[in-house]
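Understanding the architecture of this molecule
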Amino acid sequence: MALPALPEGGALDARSPITGGRLGGVTPATPADVDDAVGRAAEAFLHWRLEPAPKRGELVRRFGDLLRARKAEMAELVALEAGKIRSEALGEVQEMIDVCDFAVGLSRQLYGRTMATERPGHRMMEVWHPLGVCAVITSFNFPSAVWAWNAALALVCGDPVVWKPSEKAALTALACDALLHQAGAPPGMSQVVVGGPDVGERLVDHPAVALVSATGSTAMGRAVGPRVAARFGRSLLELGGNNAAIVAPSADLDQAVRGVVFAAAGTAGQRCTTLRRLIIHRSVHDELVDRLANAYQSLPVGNPLAAGTLVGPLIDRRAYDVFIDALATVDAVIGGERELAEQAPDAYYVRPALALMAEQTSLVLQETFAPILYVLAYDDWDEAVAMHNAAAHGLASSVFTSDLREAERFLSAAGSDCGIANVNVGPSGAEIGGAFGGEKETGGGRESGSDAWKAYMRRSTCTVNYSNELPLAQGVEFL
Ligand code: NAD
């Protein structure tokens, strides 16, 4: 496995999980660099907020066009840096293109409402204004799409973006930013500050940052959320998940096998929406486990850029250690072996694991960011839903069933407690049109489609009196 030689830069190593080798170096931002970037963004905001939103949308349209033209190269970079197989890397770039299209349409639909007022000769309405500088902090596993969800919306909403990408995926960030500048981003509207948590913290604490949109682990959100709140900033948190699927007796098992294997083993188990817990009705448990075991044993694991590979590497040694430690305590395991250790000794390829569990232990209830699917059995529906909702996270969920009542119950107020709830679709692989995010320890934020744009704007409730009188609300008499 050979890696391309990329230009040398600064002191922070950019590595590829494909071999564990060095791709190049990038220069980490100093605290002064972060302050300068925020200062430039605040300056840019003063002009950009006055551009009509459809004009702001034109920048995003041009960016989307460039992404279309450079889709294959961008996907290659995503594969090199994050280890995604080519088809998933292309999907990640397509997600950027899709959200650009969405944001362009949105630029003509930033609607406010007009409300009935109790006072004669008055009009009351809400107007949405640009919010200010947005800091976007992203995780390694979606090195470009998560930023694009934020940036495309923020730009049409009138906000400049300062991006702190994962220290494990800085090259993809620099490439995205270069394309956005090629599309005509004005100075200060899009900037990247490279580095680790310290660089993120500088952004989080900066009083001129109006919104901190942070994607990563719950531990990161636990640190970031209170710091932003302490200065009355706004935060949008997209944190971890411990996603489950229920397989009911009436499920189409062919569909369930495909949905489960993609959701659990895709991206080598390194998606926030990865399926981590499978709750199977006892009547179909053994059959489904047999079929999943066969599918798992035949999954092609290897170089993500090679044709036919479906499971690429883990991001690094730490991820491998976490995987091994978790498997050491499960009741029984199918798969889970290290692969290709001789050909790529500094890379970490593993066969995705099925861990058969008698009950939901504390280990099962925590997010292990690796391809381990914990398999559990249930006897009745209420028990299955209780097991499903027992996790501290609340991101994505699904049920495989052909029973309309079960499907509706799962989607009802008494069903899944997650931000994303699917029927006969695994929990991963969301489209950009819906609001993306989850409850509980997932952080409560929503990004991407639906009305997620409101997080990037401030709402002003405006009242106009066009009468010659001054009637007061609630009938109050004064003067
Ligand atoms: P991570 O928490 O280690 O890092 C995420 C980002 O936060 C990085 O850029 C990191 O430098 C930064 N960071 C860490 N501590 C910080 C601090 N105290 N202040 C400011 N910034 C800080 O996560 P990771 O390993 O890159 O990604 C995996 C995690 O991300 C998983 O838990 C996964 O579920 C989650 N994730 C969530 C979503 C979502 O939309 N909910 C999407 C992708 C990944």
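Before going into details, it helps to say that this report is about the structure given with it. (Residues numbered from 1 in each chain as written. Predicted model: local features only at pLDDT ≥ 70, side-chain atom pairs only at ≥ 80, totals over all residues.)

1. Description of the overall build of the protein
Our working definition: Helix numbers and strand numbers start at the N terminus; a helix is a DSSP run of H or I with at least 4 residues, a strand a run of E with at least 2. This radius of gyration counts C-alpha atoms alone. The globule rule is 2.2 Å times how many residues there are, raised to the power 0.38. Working definition of burial: number of other C-beta atoms within 10 Å of the residue's own, with buried at 20 or more, exposed at 12 or fewer, and partly exposed in between, all C-beta atoms being placed from the backbone. Contacts are defined on C-beta atoms placed from the backbone: any two residues whose C-beta positions lie within 7 Å are in contact.
A count of helices and strands for the protein gives 13 helices and 23 strands. Computed over C-alpha atoms, the radius of gyration of the protein comes to 24 Å, within 12% of the 23 Å expected from 2.2 N^0.38 for 479 residues, which places it in the range of a compact globule. The C-alpha extent of the protein, read off along each of the three principal axes, is 80 × 60 × 40 Å. Buried residues in the protein amount to 51% of all 479 residues. By sequence separation, contacts in the protein at least 24 residues apart represent 71% of the contacts at least 6 residues apart.

2. Things to note about the environment of Leu310
Of note, Leu310 is situated in the loop between helix H10 (282-297) and helix H11 (317-327). Residue classification places Leu310 among the partly exposed positions, given that 19 C-beta atoms sit within 10 Å. Sequence-wise, Leu310 and Asp382 are 72 residues apart; in three dimensions their C-alpha atoms are separated by 35 Å. Discounting residues that sit within four places of it in the chain, Leu310 has contacts with Ile85, Leu299 and Pro300.

3. Let's talk about the site of the ligand
So the rule is basically this: Put plainly, near means the residue's C-beta atom, positioned from the backbone, lies within 6 Å of the molecule or strand in question. Amino acids are sorted into nonpolar (Ala, Val, Leu, Ile, Met, Phe, Trp, Tyr, Cys and Pro), charged (Asp, Glu, Lys and Arg) and polar (every other residue, Gly among them).
Among the 30 residues in the neighbourhood of the ligand, the closest are listed as Ser139, Gly200, Gly216, Glu238 and Cys272. Looking at the shell around the ligand, the elements that each hand over two or more residues are helix H7 (197-205) and helix H8 (218-230). A per-element tally of the shell around the ligand places H7 first, with four residues. Of the residues contributing to the shell around the ligand, the split by class is 13 nonpolar, twelve polar and five charged.

4. What to know about the sheet that holds strand S23 (residues 457-465)
Sheet strands pair by backbone hydrogen bonding; their relative direction is either parallel or antiparallel. Keep this limit in mind: Strands are treated as partners if at least two bridges between them are detected by DSSP.
Reading across the sheet, the three strands line up as S3-S4-S23 and stay open at both edges, with antiparallel pairing between neighbours. Two strands bound the open sheet, and with one partner strand each, they are strand S3 (114-115) and S23. Sheet topology note: the strand S4 (residues 122-130)/S23 ladder contains nine bridges and is antiparallel. Note on S23: the bridge partner recorded for Trp128 is Arg459.

5. Overview of the sheet that holds strand S12 (residues 332-334)
Heads up, the rule is: Axis definition: a line fitted to C-alpha atoms, over the contacting stretch in the case of helices. Angles run 0 to 180 degrees between N-to-C directions.
Read from one edge of the open sheet, seven strands run S12-S15-S16-S11-S10-S18-S19, paired in mixed fashion. The open sheet terminates on both sides in strands that have one partner only, identified here as S12 and strand S19 (420-423). Across the sheet, the mean angle from the axis of one strand to that of its neighbour is 20°, orientation sign disregarded. In terms of strand pairing, strand S10 (residues 243-247) meets strand S11 (residues 275-281) through five bridges, oriented parallel. Bridging across to S11, Ile246 finds its partner in Ile279. Where helix H9 (residues 253-265) meets the sheet, it contacts S10, S11, strand S16 (372-378) and strand S18 (396-400), and its direction lies at approximately 155° from that of S11. Packed on one face of the sheet, H10 meets S10, S11, S12, strand S15 (353-356) and S16 and runs near 140° to S11.

6. Some remarks on the packing of helix H4 (residues 86-106) against helix H5 (residues 145-157)
Quick reminder of the rule: Between 65 and 115 degrees an angle is taken as roughly perpendicular, under 35 as roughly parallel, over 145 as roughly antiparallel, and anywhere else as oblique. Crossing handedness is defined as follows: a turn of the near helix away from the far one that is anticlockwise and smaller than a right angle gives a left-handed crossing, while the clockwise case is right-handed.
Axis separation between H4 and H5 bottoms out at 9 Å; the angle between their running directions is 15°. For the element pair H4 / H5, the angle class is roughly parallel. H5 is crossed by H4, and the crossing has right-handed handedness. Along its contact with H4, which presents Glu92, Glu95, Met96, Val99, Cys100, Ala103 and Leu106, the element H5 presents Ala145, Ala148, Trp149, Ala152, Leu153 and Val156. Of the residues belonging to the contact of H4 with H5, the class tally is eleven nonpolar, no polar and two charged.

7. Some points on the environment of Gly25
Within the secondary structure layout, Gly25 lies in strand S2 (residues 22-26). Between the C-alpha atom of Gly25 and that of Ala11, which follows or precedes it by 14 residues, the distance is 5.8 Å.

8. A word on unusual backbone geometry
Even without glycine at this site, Phe232 takes up a positive phi of about 60°. Tracing the sequence through the fold places Phe232 in the loop between H8 and strand S9 (234-238). Its 7 C-beta neighbours within 10 Å are what place Phe232 among the exposed residues. Located in the positive-phi region is Leu340, a residue other than glycine, with phi close to 60°. Along the chain, Leu340 turns up in the loop between strand S13 (338-339) and strand S14 (349-350).

9. Brief notes about H5
Let me state the cut-off plainly: By this rule, a helix spans an expected 1.5 Å times one less than how many residues it contains.
The terminal C-alpha atoms of H5, which comprises 13 residues, lie 18 Å apart, in line with the 18 Å expected from a rise of 1.5 Å per residue. With 13 of its 13 residues buried, H5 lies for the most part within the structure. Two residues or fewer past H5, Gly158 is found with a positive phi of approximately 105°.

10. Concerning the packing of H9 against H10
It is at 10 Å that the axes of H9 and H10 come closest, and there the two elements cross at 55°. In terms of orientation, H9 and H10 fall into the oblique class. Regarding H9 and H10, the two cross each other, and that crossing is right-handed. For the pair H9 and H10, the contacting residues are Leu253, Ala256, Val257, Val260, Val261 and Ala265 in the first and Val284, Glu287, Leu288, Arg291, Leu292, Ala295 and Tyr296 in the second. Classifying every residue of the contact of H9 with H10 gives eleven nonpolar, no polar and two charged.

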